[in-house]
Every structure is written in structure tokens, then in C-alpha cells.
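Residue strings, one per chain:
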Amino acid sequence: MNIEYADVVADLSWGDTGKGKVTSALVSKSKYDFVCRWAGGNNAGHTVFLNGKKYKTHLVPSGVFHGIPSIIGPGCVVNREALLSELEYIKECGFDSSLVKVSPRAHMVTDAHISKDKRKLAKKLGTTSKGIAPSYADKMARVGVLAKDALPAELIWDEVLYGKILCEGAQGFYLDIDHGNYPYVTSSTTLPYGACSLGIPPQKIRKIYGTCKVYDTRSGVDPLFPTSLLDDPDLSMLGDLGEEYGVTTGRRRIVNWFNLDMMLNAVKISGATDIIFNKADILKKFGKYKLFHDNKLKEFNRWDDFTSYISEQIGESRSLVNNVHFSGHSERI
């Protein structure tokens, strides 16, 4: 069987923009044969709302919550204990954990990787201390441990993808190893073209769903998000309303007003065809509408003026975007 097409869900900012929600919504509406992760490890945090309940994963693609085979791809790094714990969590929640498989070419995160991360990287770069960077470093140095040599055979996926595939991204555009604010980045490719590492020809990519929020947030260390922003009363209140705490670390995210300049750049490079702005209900509840454009902070009196301006600028950017959608916390895409 051949691949019919692949859709990609990718973050257009700094992560934490609702990729899990969008993936879950797409899966509930379309008949995908696989949902796949192409990058990252258990440094990612994905939240899925299903039938009024919240589920959180770090490694496992969201397709498992809809009874669809969920593949952790060769570009990912896997912590064995974290994976087994997450599979047990999925089973306890009443889902079929046997749907989750790992590419034999994925690389393993070892205790030594975690120790090195904690000692040398966590404080300096604000990593999640999960051993991700050292694992990728060993992969590139050709001394890494492959999943096929470390995981039980029943967890290994040694077949080929076929049919309709949904690719679920991790982290965000500006955490990408090549296009992010280096060195304050993750250690893998977060852009949509990374999905091709799953074994998907580029010509088979049909749609690229880009996610972002109507305000910006950042976890970890980054000069673009100085800690002084935590002292801004409006941004602090907005963070409280949006419950801006990391799924993986629990640490408070730094909040800033939406940067339209950076999002338009991400749209241009990523090739996004559809954009979903999440947390619309939070900003409407807050009642203040600001964004950065042309390096200037602009303020709007009404929600409709704010969203119309964003949509107009996207339309004038000569991008590939066909649809723009503003979504609330629990709203279906």
C-alpha cells in the first residue's frame, strides 16, 4: 500500500500552542491511518481534551486516544522508562497502548544523557533536564543506542507507512535547531519538512496546519523573553488566566504580546496552509488586545479589530495560507 497523503501539525512560535488539541480535533474528523511524531522526546508536552477529560502525554502521539496507530519516528529520542510509564498511563486511562510503536531507528536517552543535561545544560539554556541534547549529540557522533537494540520487540515498528497520515510536531518554530534563536533552541528539527524523516516523500504533504496563540509564551531561557516580562502586571495576569505552566516541567511560562512579525516569518518558511490561533477565549476574557508589528506595539479597542488586522496582514503576506481560525480553549477546530 502507498501513502495517499500526509497532513502536518506544526507550531509557528515557541511551543505550547495547542498542537495536541488540533491533532485530536483533526483525527476526530478525518480517517487517518497513522498519527506520527517526527522529532523530540519526552521534553515535549501535549494536552488532549476528549469527552470532557484532559489527558497529557510527552512522547506518545495523540492518535492513541482515537484508536489509531501512533508511531514515534526515527527522528525522535526515547527514554525507555518514560515511555513505559506513559504507556501504562494510557492503559490505565482505558486506551489501547498496543497502538503505540517506535521506529527501530529512533535513538535512546540514557541515564548518562540525563545526568549530563542536568550538570551542563539545564541552568545555562533552560532545558527540561530530560537528556535530549546529549542523546542527539551521541546520535550525530555515531555512538548512540538505537531503539531496536534497547526496547522490547513488541514496541518496535519495522514496517512502512501507508494511506493517510497525520504528523504531529513537537516544540515550536523558534525552537528549531536551524531557525530558532540559537543556542536557546531544542536539538531537533521542528519545522514541517522534518516530517519527511518518517519516510514520507515531500510531494505527499497535503496540508500544513500551523498553530499559535493570540499572545506569545516561552518556557526556558531566551533573551527574546527576558524575565522582566514576569513583572508586567498585565502579562502576569494574562499568564494566570491562560494557566501558562509547562506540561513537562510545571514551570511558569513567560508571557508577551503576540509578535506578528515573527509569526509571518514562520508562516513564510514553514509553508503553513492553515493557521489556528488558540487561547482566543482567554484574551477576550482579559479584554486587552495588543500585538507587535513592524517592531512596534499596536493596541486595538475591540477583539474583531485585533483579529481582522492579523488576518489582513496574513493575506497581504503572499503566503500559502488558505484558512485562518481563532479558537477557544475547548472549542472544536
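It should be emphasised that the depicted structure is a prediction, and the values quoted were computed from it without experimental measurement.

*Asks:* Quick question: what am I supposed to make of the side chain of aspartate 11 here?
*Replies:* Among the structural elements, aspartate 11 can be located in strand β1 (residues 3–11). Of the residues examined, aspartate 11 reaches a relative accessible area of 3% and is grouped as buried. A distance of 3.2 Å separates a polar side-chain atom of aspartate 11 from the backbone nitrogen of glycine 15. Side chain to side chain, aspartate 11 and threonine 17 meet in a polar contact 2.6 Å long.

*Asks:* How should the sheet that holds strand β12 (residues 254–259) be read in this particular structure?
*Replies:* Strand pairing in a sheet is mediated by backbone hydrogen bonds. Such pairs are either parallel or antiparallel. The mixed open sheet is built from four strands, whose spatial order is β11-β12-β14-β15. Strands with a single pairing partner mark the edges of an open sheet, and in this sheet they are β11 (215–218) and β15 (296–300). Strand-to-strand twist of the sheet, defined as the mean angle between neighbouring strand axes without regard to direction, takes the value 45 degrees. As judged from the four bridges shared by β11 and β12, these two strands associate in the antiparallel manner. Each bridged residue has a counterpart across the sheet, and for aspartate 216 the counterpart in β12 is asparagine 256. Contacts from helix α6 (residues 233–241) reach β11, β12 and β14 (289–293), with the element oriented near 100 degrees to β12.

*Asks:* I would appreciate a short explanation of the pattern of salt bridges in the present structure.
*Replies:* A side chain of one charge can pair with a side chain of the opposite charge when the charged atoms of the two come close. Summed over the entire model, instances satisfying the criterion amount to ten salt bridges. Two residues, glutamate 244 and arginine 253, come together in a salt bridge whose shortest N-O distance is 2.7 Å. Take arginine 253: its relative accessible area is 6%, and that puts it in the buried class. Arginine 302 serves as the salt-bridge partner of aspartate 305, at 3.1 Å between the closest nitrogen and oxygen.

*Asks:* What exactly am I supposed to notice about the packing of helix α7 (residues 260–270) against helix α9 (residues 303–316) here?
*Replies:* Between two packed helices, what matters for the description is the angle formed by their axes and the separation of those axes. Axis separation between α7 and α9 bottoms out at 11 Å; the angle between their running directions is 40 degrees. One way to sum up the angle between α7 and α9 is to call them oblique. By crossing handedness, the relation of α7 to α9 is classed as right-handed. Along the contact surface, α7 presents Leu260, Met263 and Leu264, while α9 presents Tyr309, Ile310, Gln313 and Ile314. Residue composition of the contact of α7 with α9, by class: six nonpolar, one polar and no charged.

*Asks:* Even after reading the chapter, I still don't get unusual backbone geometry, so can you show me in this structure?
*Replies:* Glycine aside, residues mostly have negative phi angles, and peptide bonds mostly take the trans form. Put simply, tyrosine 182 and proline 183 share a cis peptide bond, and its omega is 10 degrees. If you trace the backbone, proline 183 turns up in the loop between β9 (163–168) and β10 (205–213). In the Ramachandran plot, aspartate 16 falls in the positive-phi region, its phi being about 65 degrees despite a non-glycine side chain. Unusually for a residue other than glycine, asparagine 295 sits at a positive phi of about 60 degrees. Residue position: asparagine 295 is located in the loop between β14 and β15.

Thresholds, definitions, all that
- Residues numbered from 1 in each chain as written.
- Predicted model: local features only at pLDDT ≥ 70, side-chain atom pairs only at ≥ 80, totals over all residues.
- Heavy atoms only, no water.
- Helix = DSSP H or I, 4+ residues; strand = E, 2+ residues; numbered from the N terminus.
- Buried < 20%, exposed > 50% of the residue type's maximum accessible area, 1.4 Å probe, protein only.
- Polar contact = N/O pair within 3.5 Å; in protein donor to acceptor, adjacent residues only side chain to side chain.
- Pairing = 2+ DSSP bridges.
- Axes fitted to C-alpha atoms, helices over the stretch in contact; angles between N-to-C directions.
- Contact = heavy atoms within 4.5 Å.
- Salt bridge = Lys/Arg side-chain N within 4 Å of Asp/Glu carboxyl O.
- Parallel < 35°, antiparallel > 145°, perpendicular 65-115°, else oblique.
- Left-handed = near helix turned anticlockwise from the far one by under 90°.
- Nonpolar A, V, L, I, M, F, W, Y, C, P; charged D, E, K, R; others polar.

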